[in-house]
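Given next are the chains, with one letter for each unit.
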Amino acid sequence: MVPPQSYTNISFFQPPAFLLIGVPGLEAAHHWISIPFSSVYTVALTGNCLIILAVRRTPTLHQPMYYFLSMLALSDVGLNLSTLPTTLSVLWFDYRFIDFNACLVQMFFLHFFSVVESSVLLAMSFDRFVAISTPLRYAAVLTNNVIIKIGMAIVARATLSLVPLPFLLKRLNYCPGKIILSHSFCFHADVMKRACADITVNILYGLYVVLSTVGLDSLLIVLSYSLILHTVMGLASPKERVRALNTCVSHILAVLVFYIPVIGVSMIHRFGGHLPHLVHALVAYVYLVVPPVLNPIIYSVKSRPIREAMLRILRKKGQG
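What you are looking at is a predicted structure, and each value in this text was computed from that prediction instead of being measured.

Cut-off values and rules
Residues numbered from 1 in each chain as written. Predicted model: local features only at pLDDT ≥ 70, side-chain atom pairs only at ≥ 80, totals over all residues. Heavy atoms only, no water. Disulfide = S-S within 2.5 Å. Helix = DSSP H or I, 4+ residues; strand = E, 2+ residues; numbered from the N terminus. Buried < 20%, exposed > 50% of the residue type's maximum accessible area, 1.4 Å probe, protein only. pLDDT = per-residue confidence, 0-100. Contact = heavy atoms within 4.5 Å. Phe/Tyr/Trp six-rings, centres within 6.5 Å; stacked < 30°, edge-to-face > 60°.

**Things to note about the state of the cysteines**
By the definition in use, this model includes two disulfides. In this model, Cys103 is linked to Cys186 through a disulfide, with the two sulfur atoms separated by 2.0 Å. Between Cys103 and Cys186 the sulfur-sulfur dihedral comes to about -125 degrees; the bridge is accordingly left-handed. Note that Cys103 is positioned in helix H3 (residues 100-133) and Cys186 in the loop between helix H6 (164-170) and helix H7 (188-192), a separation of 83 residues in sequence. Accessibility assignment for this pair places Cys103 and Cys186 in one class, buried. The disulfide that involves Cys175 links it to Cys196, with 1.2 Å between the sulfurs. Looking down the S-S bond of the Cys175 and Cys196 bridge, the torsion is 115 degrees, so its handedness is right-handed. With Cys175 in the loop between H6 and H7 and Cys196 in the loop between H7 and helix H8 (200-233), this pair connects stretches of sequence that are 21 residues apart. Given the relative accessible area of 42%, Cys196 is considered partly exposed. Sequential numbering of the bridged cysteines in the protein chain gives the disulfide pattern 1-3, 2-4.

And the structure:
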């Protein structure tokens, strides 16, 4: 429990803890709701870990496209682990409190892995562009050193973009009576609205982060596919066009699975203040849970080498 305090004559206040909520209006059914949530988390973690193991243990998958896929799976694992402890604590045990500093840490990693995933999807679009536009130079352009540098740049970009967020939130004066968050995890837009202070800087910096990361990435992905489409239309054979475009289907689906919920969350937080809390919660859960679940399914269905490598690992586990 949050320790009782006297809040009179306090000029600066930070709550010792925030109060999380699960699914608004369905608190009595949380134990039943925890079953599909637990299943979804299990499927997501298992599928993405299988992809990482498949790429690591299969020499024929040691190629740029699959290295980027393992980065995507790693970011999905991180995104799941960022919210899993508090979400299942609320649903399983009705434990709803999260320490103020722990909340800021969770918020950082939640947004960190979201930015990383967006950046990886951009890198994958560049991979597809190089593979289709200059197939003979593909291996020379995307060497192991280049892929390592891209990975380091992705991590550095996400870190530098998001490190200021916790500090901007810690400087705020909060309202003693506003400690209830709108989700079972800490979300930047949600936490800053609990302040009794001017949050203009937080709003502007949050908007800058969104536009300079997810916004810019989405534009560059569209540009990449415009160039890919231009290249494909220049191919003489219709069969070659279909084959070239078919190599992009998995990535296009992964992009849609990630960006559509992102747009939904952004629109809800900015223009959906009049909507029920249940709608806010469901859109946020879709944003955090659906991409990590669907990405392994998409790539295992569309990519035969990945599917076969994952099945080999499962067979070895079964035999062991």
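Once the structure has been displayed, the description carries forward.
**Section: the confidence of the model for the protein chain**
This prediction gives the protein chain a mean pLDDT of 90; 96% of its residues lie at or above 70. Ranking the helices and strands of the protein chain by mean pLDDT puts helix H5 (residues 144-162) first, with 97, and helix H9 (residues 238-246) last, with 86. In the predicted structure, residues 1-9 sits below a pLDDT of 50 and forms 10 contacts with residues beyond four places in sequence or in another chain.

**With respect to unusual backbone geometry**
The backbone phi angle of Asp94 is positive, close to 55 degrees, even though this residue is not glycine. You can see Asp94 is positioned in the loop between helix H2 (64-93) and strand E2 (97-99). Judged by relative accessible area, Asp94 falls into the exposed class, the value being 51%.

**Brief notes about the packing of aromatic side chains**
Tallying each qualifying case throughout the model produces 15 aromatic pairs. When the ring of Phe108 is compared with that of Phe112, the centres are 5.8 Å apart and the planes differ by 25 degrees; the resulting orientation is stacked. Remark: Phe112 and Phe108 occur in helix H3; sequence separation between them is four residues, near one turn of the helix. By way of ring pairs, the aromatic residues Phe37, Phe185, Phe187, Tyr285 and Tyr287 are connected into one cluster.

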